[in-house]
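# Structural characterization, general
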Amino acid sequence: YSERFTAERTEDGWIRNDSYDNEIINEKLLANGYFEAATYRGENMHSELGKSTEALEYLKRVYAAGGDSSYEIGSIYTALGDFDHSVEWRENAYEAGNVNGAFDLGVTFQWGTNCEVDCEKAFDWFMKAAEMGHAQATYNIGAYYYQGYYVEQDTAKANEWFQKAEDMGYTG
């Protein structure tokens, strides 16, 4: 069966189950190593059902079992306004190769989401994301050079970064 299934197999066939907090299905996914589907369901426990505590508990179990749910855990902590845990889990996501972990940390520090604005940290995280191929982060590096945020204003460098972002398909 598909890794993103939202149904349970019975003797009579498949029963559709859109209840993301269904413990039977969630435990089966976890026990069988269907980490992508388990992460998807845990994320939706938070976004669709508003069960943040339960979602965090489940996603941490997915992570402990070997699934990469660190980005989703960080996202929930961000929504809850828990800056320290949000950063910790998004750094974990970046270290696991999730480019969105790095990009989101850039956004966090650029806009001061649950923290003080820190252009140096924002630039550094955008650079990490750009080096991993994130088009919008690449564009943001260009904007930093264009406007002289944190770095010395340099329109030639800005245009190089803007061109890289465009080559990656970023349209702004």
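Residues numbered from 1 in each chain as written. Predicted model: local features only at pLDDT ≥ 70, side-chain atom pairs only at ≥ 80, totals over all residues. Heavy atoms only, no water.

### Details of the overall build of the chain
Under the convention used in this document: A run of H or I in DSSP counts as a helix once it spans at least four residues, and a run of E counts as a strand once it spans at least two, with each numbered from the N terminus. Buried, partly exposed and exposed residues are distinguished by accessible area as a fraction of the type maximum, computed with a 1.4 Å probe on protein chains only: under 20%, between the cut-offs, and over 50%, respectively. Here, residues are in contact when the closest pair of their heavy atoms is within 4.5 Å. Under the convention used here, a 1.4 Å probe and the Shrake-Rupley method define accessible areas, while residue burial counts only the protein chains that appear.
Scanning the chain from N- to C-terminus turns up nine helices and two strands. What you see in the chain, going N to C, is helices and strands ordered as β-β-α-α-α-α-α-α-α-α-α. Here the chain holds 172 residues, and the buried ones make up 42% of them. The long-range share in the chain, meaning contacts at least 24 apart out of those at least 6 apart in sequence, stands at 41%. Just so you have it, the chain exposes about 9,400 Å², and 44% of that area is on carbon and sulfur atoms.

### Brief notes about the pattern of salt bridges
Operational definition: Between Lys or Arg on one side and Asp or Glu on the other, a salt bridge is scored when a side-chain nitrogen of the former is within 4 Å of a carboxyl oxygen of the latter.
Summed over the entire model, instances satisfying the criterion amount to two salt bridges. Note that Glu27 is salt-bridged to Arg61, the shortest N-O span being 2.7 Å. Of this pair, Glu27 sits in helix 1 (residues 23-31) while Arg61 sits in helix 3 (residues 52-64), and the two are 34 residues apart along the sequence. Among the ionic pairs, Arg90 bridges to Asp104, the shortest N-O distance being 2.4 Å. Taken together, the positions of Arg90 in helix 5 (residues 83-95) and Asp104 in helix 6 (residues 99-111) put the pair 14 residues apart, joining distant regions of the chain. Accessibility assignment for this pair places Arg90 and Asp104 in one class, buried.

### Here's the deal with the packing of aromatic side chains
Heads up, the rule is: Only Phe, Tyr and Trp rings are paired, with Trp represented by its six-membered ring, and only when their centres lie within 6.5 Å; those with planes under 30 degrees apart are stacked, over 60 edge-to-face, the remainder tilted. Two thresholds decide whether a charge sits over a ring: the Lys NZ or Arg CZ must be within 6 Å of the ring centre and within 35 degrees of the ring normal.
Applying the stated criterion across every chain, the model contains twelve aromatic pairs. Measuring from centroid to centroid gives 4.9 Å for Tyr139 and Phe162, while their planes differ by 35°, and the two rings are tilted. Taken together, the positions of Tyr139 in helix 8 (residues 135-147) and Phe162 in helix 9 (residues 155-167) put the pair 23 residues apart, joining distant regions of the chain. Aromatic ring contacts, followed pair by pair, group Phe103, Phe123, Phe126, Tyr144, Tyr145, Tyr149 and Tyr150 into a single cluster. Note that Lys128 overlies the ring of Trp125, its terminal NZ or CZ placed 4.2 Å from the centroid. The ring of Trp161 has Lys164 lying over it, and the distance from NZ or CZ to the ring centre is 4.0 Å.

### Quick notes on the environment of Glu120
Within the secondary structure layout, Glu120 lies in helix 7 (residues 119-131). Note on Glu120: relative accessible area 43%, which makes it partly exposed. Spatially, the C-alpha atoms of Glu120 and Val151 are 8.6 Å apart, while their sequence positions differ by 31 residues.

### With respect to helix 8
The following threshold applies: Take the residue count of a helix, subtract one, and multiply by 1.5 Å to get its expected span.
The end-to-end C-alpha distance of helix 8, which contains 13 residues, comes to 19 Å, matching closely the 18 Å that a straight helix rising 1.5 Å per residue would cover. Phi turns positive one or two residues past the end of helix 8, at Gly148, with a value near 75°.

### Some remarks on the packing of helix 1 against helix 3
Threshold: Geometry is summarised by axes, namely lines fitted to C-alpha atoms with helices restricted to the contacting stretch, and by angles between N-to-C directions that run from 0 to 180 degrees. Angles are sorted into four bins: roughly parallel if under 35 degrees, roughly antiparallel if over 145, roughly perpendicular if 65 to 115, and oblique for all others. Handedness of each helix crossing follows the sense of rotation of the near helix against the far helix: counterclockwise by less than a right angle gives left-handed, clockwise gives right-handed. Here the term charged refers only to Asp, Glu, Lys and Arg, the term nonpolar to Ala, Val, Leu, Ile, Met, Phe, Trp, Tyr, Cys and Pro, and the term polar to all other amino acids, Gly among them.
Axis separation between helix 1 and helix 3 bottoms out at 10 Å; the angle between their running directions is 20°. Judged by the angle between their axes, helix 1 and helix 3 are roughly parallel. The chirality of how helix 1 crosses helix 3 is right-handed. Of helix 3, the residues touching helix 1 (which contributes Asn26, Glu27, Leu29 and Leu30) are Tyr58, Arg61 and Val62. Here the contact of helix 1 with helix 3 is composed, by residue class, of four nonpolar, one polar and two charged.

### Details of unusual backbone geometry
If you check the backbone angles, Asn114 has positive phi at about 65° while not being a glycine. Along the chain, Asn114 falls in the loop between helix 6 and helix 7. Phi is positive for Tyr150, which is not a glycine, with a value near 65°. With respect to the helices, strands and loops of the structure, Tyr150 is situated in the loop between helix 8 and helix 9.

### Brief notes about the confidence of the model for the chain
Selection criterion: The pLDDT value expresses, per residue, how confident the predictor is, ranging between 0 and 100.
Put simply, the chain has an average pLDDT of 88, and 88% of its residues get 70 or more. Mean pLDDT values over the elements of the chain span from 47, in strand 2 (residues 13-16), up to 98, in helix 8. Here residues 1-5 scores under 50 on pLDDT; set against residues more than four positions off or in separate chains, the count is 14 contacts.

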